[in-house]
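# Structure at a glance
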Amino acid sequence: MKNDSTTTQDAPKRLESGDKAPDFCLLNAEGVEISLKDFGDKTIILYFYPKDNTPGCTIEALDFSALLKEFLAKDAVVIGVSPDTPKCHQNFITKQNLKHILLSDPEKKVASAYGVYGKKLMYGKEVNGIIRSTFIIQGGKIVCAMYNVKAKGHAQKVLEMV
């Protein structure tokens, strides 16, 4: 499932269902390294967002956190990734009372590997940045890749797909 409505011709290479999920090793809010392999056979909901404590990103994070028990009941783990630092993530988690994992990708290497960092339109202007996207991963493979998602209501849609 793809939505390319807001990207430009120079968009990064997109992952598709069936592709191998790029591995990663990133720091969480406590400064602990977390890897894709750490989650074994669980379904992974890996979502990328631009910045902590911004309106759309806060809505998305609150929605995923509010539905965390339902995701866990389906043996799924929710992981948010942004370029923010672990300390910034810790502040975001505390301020918003978030319950799920946030990982720090300051060099945007993981975002680039998943095709979510690149040119995008923002307020009618072309900029480089994180393209809000979500991946459902099972057994090390992409089950569903969703690009250019809208923050509001997205977590519920993902839950229904798991």
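So, here's what we can say about the structure. Just so it is clear, the structure is predicted and the values come from calculations on it, not from any experiment.

Another point: the pairing of strand β8 (residues 133-138). A large share of β8 lies buried, amounting to 5 of its 6 residues. The pairing of strand β3 (residues 43-48) with β8 spans 5 bridges and is antiparallel. Within the sheet, the bridge partner assigned to Leu46 lies in β8 and is Phe135. Where β8 and strand β9 (residues 141-147) come together, 6 bridges link them in antiparallel fashion. Across the sheet, Phe135 pairs through a bridge with Ala145, a residue of β9. Adjacent in sequence and paired antiparallel, β8 and β9 are bridged by 2 residues, among which Gly139 carries a positive phi angle near 55°.

Counting residues in each nonpolar core, the largest one holds 24 residues, and the members touching the most others are Leu46, Phe48, Tyr114, Phe135 and Ile137. Looking at this core, the elements that each hand over two or more residues are β3, β4 (76-82), α4 (109-113), β8 and β9. Setting aside its immediate chain neighbours within four residues, Ile137 contacts Ala21, Leu36, Lys42, Thr43, Ile44, Leu46, Tyr114, Ile142 and Val143. Ala61, Val78, Met146 and Leu159 belong to the second largest nonpolar core, which has 23 residues in total.

Okay, the side chain of Asp105 next. Its place among the elements puts Asp105 in the loop between β5 (101-104) and α4. One buried charged residue, Asp105, remains without a salt bridge, the closest side chain of opposite sign being Lys108 at 8.0 Å. Within the structure, the side chain of Asp105 is placed 3.2 Å from the backbone nitrogen of Val110, a separation counted as a polar contact. A distance of 2.8 Å separates a polar side-chain atom of Asp105 from the backbone nitrogen of Ala111.

Across the sheet, 7 strands lie side by side as β2-β1-β5-β4-β3-β8-β9; this open sheet has mixed pairing. The strands lining the two open edges of the sheet, one partner per strand, are β2 (33-35) and β9. Between one strand and the next, the sheet's axes are offset by a mean angle of 30°, whatever the strand orientation. Note that strand β1 (residues 25-28) and β2 share 3 bridges and pair antiparallel. Across the sheet, the residue bridging to Cys25 is Ser35, located in β2.

What counts, and at which threshold
- Residues numbered from 1 in each chain as written.
- Predicted model: local features only at pLDDT ≥ 70, side-chain atom pairs only at ≥ 80, totals over all residues.
- Heavy atoms only, no water.
- Buried < 20%, exposed > 50% of the residue type's maximum accessible area, 1.4 Å probe, protein only.
- Helix = DSSP H or I, 4+ residues; strand = E, 2+ residues; numbered from the N terminus.
- Pairing = 2+ DSSP bridges.
- Core = buried A, V, L, I, M, F, W, Y, C linked by side-chain atoms within 4.5 Å.
- Contact = heavy atoms within 4.5 Å.
- Lys, Arg positive; Asp, Glu negative; His and termini not counted.
- Salt bridge = Lys/Arg side-chain N within 4 Å of Asp/Glu carboxyl O.
- Polar contact = N/O pair within 3.5 Å; in protein donor to acceptor, adjacent residues only side chain to side chain.
- Axes fitted to C-alpha atoms, helices over the stretch in contact; angles between N-to-C directions.

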